[in-house]
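# Survey of secondary and tertiary structure
So the chains spell out like this:
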Amino acid sequence: MALPLPPGLTPAEVAFLCEMELVTVIPRQKLDSLHLLGGPVPVLQPPLRNNVPLWLALLLKKQRRANIVPPPWLNVESLSAILDHETERAPEDFSPPPKLPPIGDESSIISPPFLPTSTADGQPNALPYHWMELGEILLEAASDDFEDVDQVRRLLRDLREARLAKLRSGIDALDSGGGKPMNGIGGMEVAEGRSFICGVIDSLRKIGAAKEMAKREREDEDRTGYQGTADDEDEDMDMLR
Amino acid sequence: MDIDDILADLDAATVPQETLDIQLLTRLWVAERVAPELLVWPDDLISRITERMSAQVELIEEQTATMDPKSSFGLIVLQTEMERVKFLVRSYLRARLAKVDAHPLYYNEGEPAGRLSVEEKQYLTAHQTLLEAHYGASFLGQFPAQLQRMDDPAGGISMVETPDAERAVFVRALRDAGLVRMPGRDESWDVKRGDVRVVRWSAVRDLVEIGDLELI
């Protein structure tokens, strides 16, 4: 019964998370309000737009009950601008994520996938956390709602490659304490890089464990004023063994 | 049950509790899938969600029985969402169970035992009793008495294996949280909302628990 998977989300689980993102739909048929476990769904009345979770939007789309409005960042113009930013203007970092809304209720700060970054009024010039998954899913399920599917698909692929190269170059900066900041990284990219990045950090930590412990001891001694003896060296060697 | 009545009860400006609960469960699920050790069991949250789930099952069964063709699509939506939540709860419980199974003696007593739910505790005790009886009968019984323990702390090294709290994890800052010392590095991390970093679990565990950071 216990989960036989290693730590970290699998790509399928990331896609599952991504399906909780809100997207905008234009209903083609009326659908009464439903009371779901995750809260009420508004009445869908054509031709009024509504924001619903992606999984529901896909269900509606499959049954031809609604059209999906592509998020403002998922079109040729926005993606080209972001790609330009990624490759030309900031070749080191990931492009900045969408602006965070002000913190409303202190007790429940929302984060992806619940931020409305991919609805029709989302920010057009930033990639949301689940950009890769969302792009793939929408292009697959609702390609007729896009204007230039092939071009969008090509840009997504270019973006993916550009960012993957950054993820790889970030490996040089890894040490036993962690890596450089990765603001703007996507969910699927985390899932992809996790086992390698965390594996490198953990291995470096194990290799450097004796050194780190000696350093900590030295710091403690400095604080207490105790002068270490020559035995310290031997202890370090013991730990290595 | 009349849906309009329920909707009327809800203040349009505030996010309903059930939405918050599902969001929280999602966050806890990700955290549990990622964290190297078991996190605290959210008793209230799970009982609220399971209560709503059984009410929803009843509603679905009721609607299936009447089989109104007009509401059949609504029913599909209800069932689909139900399956999604079921997956979330199940995967969450299974991820926890895997950790309990990996370090049973560690979670058997002391502070770590407090993070288990009642059911998990029952499972752990029953499982350990069976295992101990089996080990005792098959080989431990043949050993000298002083070598029969499985949690012997003698000799400076405890036999009880613990989860690796130093493992690297991906975290995201939910709010500004000041400076965090990063063991193994000379610099500190000035936590700003939205930051994503790879750090050691031991360095951020407390901040994750109070909700300043979340695991991704």
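Each chain carries its own residue numbering, running from 1 in the direction its sequence is written. Throughout, the order in which chains and ligands are written sets their labels, letters from A for the former and numbers from 1 for the latter. Reporting of local features is limited, given that this is a predicted model, to residues whose pLDDT is at least 70; pairs of side-chain atoms are given and counted only at 80 or more, and all residues count toward the totals for whole chains, interfaces and linings. In computing side-chain values, all of the structure's heavy atoms are included and hydrogens and water are not.

## Quick notes on the overall build of chain B
Runs of E in the DSSP output that reach at least two residues are strands. Runs of H or I that reach at least four are helices, and both are numbered from the N terminus. Regarding its fold elements, chain B presents seven helices and five strands. Each helix and strand of chain B, placed in order from N terminus to C terminus, yields the pattern α-α-α-α-α-α-β-β-β-β-α-β. Scaling as 2.2 N^0.38, a compact globule of 216 residues should have a C-alpha radius of gyration of about 17 Å, whereas chain B reaches 23 Å, well beyond that. With the principal axes as the frame, chain B shows a C-alpha extent of 75 × 55 × 25 Å. Taking all 216 residues of chain B together, 42% fall into the buried category. Atoms counted for the radius of gyration: C-alpha only. Globule rule: 2.2 Å times residue count to the power 0.38. Buried, partly exposed and exposed residues are distinguished by accessible area as a fraction of the type maximum, computed with a 1.4 Å probe on protein chains only: under 20%, between the cut-offs, and over 50%, respectively.

## A word on the interface of chain B and chain A
In this complex, chain B contributes 59 residues to the contact, which on the side of chain A involves 63 residues. When chain B packs against chain A, the two sides together hide about 5600 Å² of surface, and 61% of this comes from carbon and sulfur. Together, Arg-33, Phe-73 and Arg-84 of chain B form the three largest contributors to the area buried by chain B at its contact with chain A, with a combined 14%. Throughout this description, the term salt bridge denotes a Lys or Arg side-chain nitrogen within 4 Å of a carboxyl oxygen of Asp or Glu. There are four salt bridges connecting chain B and chain A. Elements represented by at least two residues in the side of chain B that touches chain A include exactly helix H1 (3-9), helix H2 (17-34), helix H3 (43-66), helix H4 (72-102), strand E1 (168-173) and strand E4 (196-200) of chain B. Counting residues per element, the side of chain B that touches chain A draws most heavily on H4 of chain B, which supplies 18 residues. Here the side of chain B that touches chain A is built from residues that sort into 30 nonpolar, nine polar and 20 charged. By the convention used here, residues are in contact when the closest approach between their heavy atoms is within 4.5 Å. The term buried area means the drop in 1.4 Å probe accessible area that two parts suffer when joined, counted for both and summed. Under the grouping applied here, Gly and all other residues not named as nonpolar or charged are polar, the nonpolar ones being Ala, Val, Leu, Ile, Met, Phe, Trp, Tyr, Cys and Pro and the charged ones Asp, Glu, Lys and Arg.

## Some details on the UniProt feature "domain: DNA replication complex GINS protein PSF2 N-terminal" (unreviewed entry) in chain A
UniProt positions are given in the numbering used here, feature names are shortened, and annotations may be inferred rather than shown by experiment. According to UniProt, the feature "domain: DNA replication complex GINS protein PSF2 N-terminal" (unreviewed entry) maps to residues 10-69 of chain A in the numbering used here. Measuring from the first to the last C-alpha atom of residues 10-69 of chain A gives 28 Å, for a span that is 28% helix and 33% strand.

## Some words on the sheet that holds strand E1 (residues 22-27) of chain A
Strand pairing in a sheet relies on backbone hydrogen bonds, with the paired strands running either antiparallel or parallel. Residue and element names in this part refer to chain A. Two strands make a pair as long as DSSP finds a minimum of two bridges between them. Sheet architecture is open: three strands sit in the order E4-E1-E5, paired in antiparallel fashion. The open sheet terminates on both sides in strands that have one partner only, identified here as strand E4 (50-53) and strand E5 (66-69). Taking each pair of neighbouring strands and ignoring which way they run, the sheet shows an average axis angle of 50°. The axes are straight lines fitted to the C-alpha atoms, using for helices just the contacting stretch, and the angles between their N-to-C directions are given from 0 to 180°. The strands that helix H2 (residues 54-62) touches are E1, E4 and E5; relative to E4, the one it contacts most, it runs at about 105°.

## Digging into the packing of H2 of chain A against H4 of chain B
When two helices pack together, their arrangement is captured by the angle between the axes and the distance separating the axes. Look at H2 of chain A against H4 of chain B: their axes get within 11 Å of each other, and the N-to-C directions meet at 145°. Here the hand of the crossing between H2 of chain A and H4 of chain B comes out right-handed. Contacts between H2 of chain A and H4 of chain B involve Trp-55, Leu-56, Leu-59 and Leu-60 of chain A on the former and, on the latter, Phe-73, Ile-76, Val-77, Thr-80, Glu-81 and Arg-84 of chain B. For the contact of H2 of chain A with H4 of chain B, the class distribution of residues is seven nonpolar, one polar and two charged. Crossings are assigned a handedness: left-handed for a near helix turned anticlockwise from the far helix by less than a right angle, right-handed for a clockwise turn.

## Side note on unusual backbone geometry
Residues and elements named next belong to chain A. At the junction of Pro-46 and Pro-47, the peptide bond is cis and its omega measures out at 0° in the coordinates. Tracing the sequence through the fold places Pro-47 in the loop between strand E3 (39-41) and E4. A cis geometry characterises the amide bond from Pro-112 onward to Pro-113, with omega recorded as 5°. Even without a glycine there, the phi angle at Arg-64 is positive, about 55°.

## A word on the environment of Gly-211 of chain B
Residue and element names in this part refer to chain B. For Gly-211, the position within the fold is in the loop between helix H7 (201-210) and strand E5 (213-215). Distance from Gly-211 to Leu-174, taken between C-alpha atoms, is 7.3 Å for residues 37 residues apart in sequence. In this structure, Gly-211 is in contact with Leu-174 and Arg-175, ignoring residues within four places of it in sequence.

## Concerning the domain arrangement of chain B
All names here are of chain B. Domain start and stop points were drawn from an automatic or database domain assignment. According to the domain assignment, chain B consists of domain 1 (3-164) and domain 2 (165-216). Relative to domain 2, the C-alpha centre of domain 1 lies at a distance of 25 Å. Each partner contributes to the interface: domain 1 provides 10 residues, whereas domain 2 provides 10 residues. Connecting domain 1 to domain 2 are two salt bridges. Glu-214 is the partner of Arg-27 in a salt bridge, and the nearest nitrogen-oxygen pair spans 2.9 Å. N or O atoms closer than or at 3.5 Å make up a polar contact, with two conditions inside protein: a donor-capable atom paired with an acceptor-capable one, and, for residues adjacent in sequence, both atoms drawn from side chains. Summed over the shared surface of domain 1 and domain 2, the number is seven residue pairs in polar contact (both at pLDDT 80 or more). Considering only residue class, the side of domain 1 that touches domain 2 consists of seven nonpolar, no polar and three charged.

## As for the side chain of Lys-166 of chain A
Structurally, Lys-166 of chain A is set in helix H5 (residues 149-169). Setting aside its immediate chain neighbours within four residues, Lys-166 of chain A contacts Glu-86, Ala-90, Pro-91, Glu-92, Asp-93 and Phe-94 of chain A.

## Let's talk about a nonpolar patch on the surface
Two distance rules govern patches: like charges are joined within 9 Å, and nonpolar side chains (Val, Leu, Ile, Met, Phe, Trp, Tyr) within 5 Å, applied only to residues with over 30% relative accessible area and no salt bridge. To measure how exposed things are, a 1.4 Å probe is used in the Shrake-Rupley method; for residues, cover is taken only from the protein chains shown. Judged by side-chain polarity, Phe-139, Phe-143 and Leu-147 of chain B come together as a nonpolar surface patch covering roughly 290 Å² of accessible area. Tracing the chain through its elements places Leu-147 of chain B in the loop between helix H6 (118-138) and E1.

## Quick word on the sheet that holds E5 of chain B
All names here are of chain B. If you walk across this open sheet you meet the three strands as E4-E1-E5, and the pairing is antiparallel. Where the open sheet ends on each side, the last strands, each with one partner, are E4 and E5. Within the sheet, the average angular offset between the axes of one strand and its neighbour, ignoring direction, is 45°. Taken together, the five bridges between E1 and E4 define a ladder with antiparallel strand orientation. If you follow Ala-168 over to E4, its bridge partner there is Arg-200. Each of E1, E4 and E5 touches H7; the most contacted strand, E4, lies at about 120° to it.

## Comments concerning the nonpolar core
Nonpolar side chains in soluble globular proteins generally cluster together in the buried interior. Core analysis: the largest hydrophobic core is formed by 86 residues, its most contacted members being Leu-79 of chain A together with Val-171, Trp-201, Val-204, Leu-213 and Leu-215 of chain B. When residues in this core are grouped by element, the largest group, nine residues, is from H4 of chain B. Composition of this core by domain shows at least three residues from each of domain 1 (3-164) and domain 2 (165-216) of chain B. Ignoring sequence-local partners within four residues, the contact set of Leu-79 of chain A consists of Trp-73, Leu-74, Leu-127, Val-152, Leu-155, Leu-156 and Leu-159 of chain A. Val-190 of chain A together with Ala-168, Val-198 and Ile-216 of chain B belong to the second-largest nonpolar core, a separate cluster that totals 16 residues. Within this scheme, the nonpolar core is defined by two criteria: the residues are buried Ala, Val, Leu, Ile, Met, Phe, Trp, Tyr or Cys, and they are joined through side-chain atoms within 4.5 Å.

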